[in-house]
Amino acid sequence: MRSFLRWLIPFVLNSFTKINISGYENLPEKGGFVIAVNHLGFLDAPMAYYALDNWNLFIPVAEKWEENPLWRFLGKHLNFIFIDRFNPDLKAMREIWNRMADGQTLVIAPEGTRARDEKMAQGRPGVAYLASKKGWQIVPVAIAGTEDRIVLSNLKRFRRTEIHLTAGKPFTLPPFPRENRDEILQEYADEVMCRIAAMLPEKNRGYYAEHPKLKELLSGTINP
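In this report, the structure presented in the accompanying data block is examined. (Residues numbered from 1 in each chain as written. Predicted model: local features only at pLDDT ≥ 70, side-chain atom pairs only at ≥ 80, totals over all residues. Heavy atoms only, no water.)

Core analysis: the largest hydrophobic core is formed by 34 residues, its most contacted members being Val-34, Ile-96, Ile-138, Leu-173 and Ile-196. Elements with a contribution of two residues or more to this core: strand S2 (34-37), strand S4 (80-83), helix H4 (90-101), strand S5 (105-108), helix H5 (126-134), strand S6 (138-144), helix H7 (181-197) and helix H8 (212-219). Top element by residues in this core is H7. It accounts for 8 residues. Ignoring sequence-local partners within four residues, the contact set of Val-34 consists of Met-100, Leu-106, Ile-108, Val-127, Trp-136, Gln-137, Ile-138 and Val-139. One finds Phe-33, Val-61, Phe-82 and Leu-165 within the second-largest nonpolar core, a separate group that totals 29 residues. (Core = buried A, V, L, I, M, F, W, Y, C linked by side-chain atoms within 4.5 Å. Buried < 20%, exposed > 50% of the residue type's maximum accessible area, 1.4 Å probe, protein only. Helix = DSSP H or I, 4+ residues; strand = E, 2+ residues; numbered from the N terminus. Contact = heavy atoms within 4.5 Å.)

Structure, rendered in structure tokens:
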């Protein structure tokens, strides 16, 4: 089934999209790293399986989708981890740690849900907590062109949607803080999001459009 899905996903996407990928050279050679992405539309999740030849990856998905038979089926073959987004989920956390220790790649959208207004929302600190505590490398990836409105409009007109995937340079966050944890972890999450925003069109930057960290990245004060 996985082999079939590896063929089916690119086949379907190529039929109604044109996907441009840049930054492959920034991906670490071995697994055990995090790919942090923005979340504009329903096509974002399949992009990971389209862009990466190695399917040694997994994606956290909101637990509500586990009740859907189709999503449960896909989750089994596409390495989903169903996770409670609103409460501490120790079982899912342990599963993430174990998979990362085995060299798998975590693909996660820190926003937690797709942007209904086509703009970035503030990132949640979950991935920052994990990456900081475990010292994992993070590769920021910007996805542009997957807004549901645009994709559906083009489908009605039998037009292909142009999508851009851009991977930035990997980086690590400072060690997990002992004091002011909530504040500092949010700062870490905002840095992850700003590194993604720096590779997005201005119209999609949303919450981070005027963020000081983004301005530093765009001005070259910080090496992206």
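Still more ground to cover, so stick around.
Alternating positions in strand S7 (residues 161-167) separate cleanly, Thr-161, Ile-163, Leu-165 and Ala-167 being buried on one face and Glu-162, His-164 and Thr-166 remaining unburied on the opposite face. Pairing between strand S1 (residues 17-22) and S7: 6 bridges, direction parallel. The residue bridging Lys-18 from the neighbouring strand is Glu-162, located in S7. Bridge count between S6 and S7: 4 bridges; the pairing is antiparallel. Residue pairing in the sheet places Ile-143 in a bridge with Leu-165 of S7. (Pairing = 2+ DSSP bridges.)

On the surface, Met-1, Phe-4, Trp-7, Phe-11, Val-12, Leu-70 and Phe-73 cluster together to form a nonpolar patch covering roughly 720 Å² of accessible area. For the nonpolar patch, the secondary structure elements donating two or more residues are helix H1 (2-16) and helix H3 (69-78). Residue position: Val-12 is located in helix H1. (Patch = residues over 30% accessible without salt bridge, like charges linked within 9 Å, V, L, I, M, F, W, Y side chains within 5 Å. Areas by Shrake-Rupley, 256 points an atom, 1.4 Å probe, with all protein chains shown as cover. Salt bridge = Lys/Arg side-chain N within 4 Å of Asp/Glu carboxyl O.)

On the surface, Lys-133, Lys-134, Arg-178 and Arg-181 cluster together to form a positively charged patch. Within the secondary structure layout, Lys-134 lies in helix H5. Taking relative accessible area as the criterion, Lys-134 reaches 41% and is therefore assigned partly exposed. (Lys, Arg positive; Asp, Glu negative; His and termini not counted. Charge placed at Lys NZ, Arg CZ, Asp CG, Glu CD.)

Moving on, we get to the pairing of S5. Residues Thr-105 and Val-107 point to one face of S5 and Leu-106 and Ile-108 to the other, with burial holding for every one of them. The sheet contact formed by S2 and S5 spans 3 bridges and is parallel. When the sheet's bridge partners are listed, Val-34 is paired in S5 with Leu-106. With 2 bridges connecting them, strand S3 (residues 57-62) and S5 associate as parallel partners. Paired with Phe-58 across the bridge in S5 is Leu-106.

Across the interface, H7 lies against H8 with an axial gap of 9 Å and an inter-helix angle of 45°. Considered as vectors, H7 and H8 are oriented oblique to each other. Here the hand of the crossing between H7 and H8 comes out right-handed. Touching Glu-191, Cys-194, Arg-195 and Ala-197 of H7 are Lys-213, Leu-214 and Leu-217, all from H8. For the contact of H7 with H8, a count of residues per class yields 4 nonpolar, no polar and 3 charged. (Axes fitted to C-alpha atoms, helices over the stretch in contact; angles between N-to-C directions. Parallel < 35°, antiparallel > 145°, perpendicular 65-115°, else oblique. Left-handed = near helix turned anticlockwise from the far one by under 90°. Nonpolar A, V, L, I, M, F, W, Y, C, P; charged D, E, K, R; others polar.)

Counting across every chain of the model gives 8 aromatic pairs. Plain terms: the ring middles of Trp-7 and Phe-11 are 5.0 Å apart, the flat faces sit at 15° to each other, and that makes the pair stacked. Of this pair, Trp-7 and Phe-11 both sit in helix H1, separated by 4 residues, roughly a single helical turn. Through pairs of rings, three or more aromatic residues link up here, namely Trp-65, Trp-71, Phe-80 and Phe-82. Above the face of the Phe-176 ring, Lys-133 is positioned so that its terminal group lies 5.4 Å from the ring centre. One cation-aromatic arrangement involves Arg-195 over Phe-171; the distance from NZ or CZ to the ring centre is 4.1 Å. (Phe/Tyr/Trp six-rings, centres within 6.5 Å; stacked < 30°, edge-to-face > 60°. Lys NZ or Arg CZ within 6 Å of the ring centre and 35° of its normal.)

Keep in mind that these numbers describe shape and distance, not what the molecule does.
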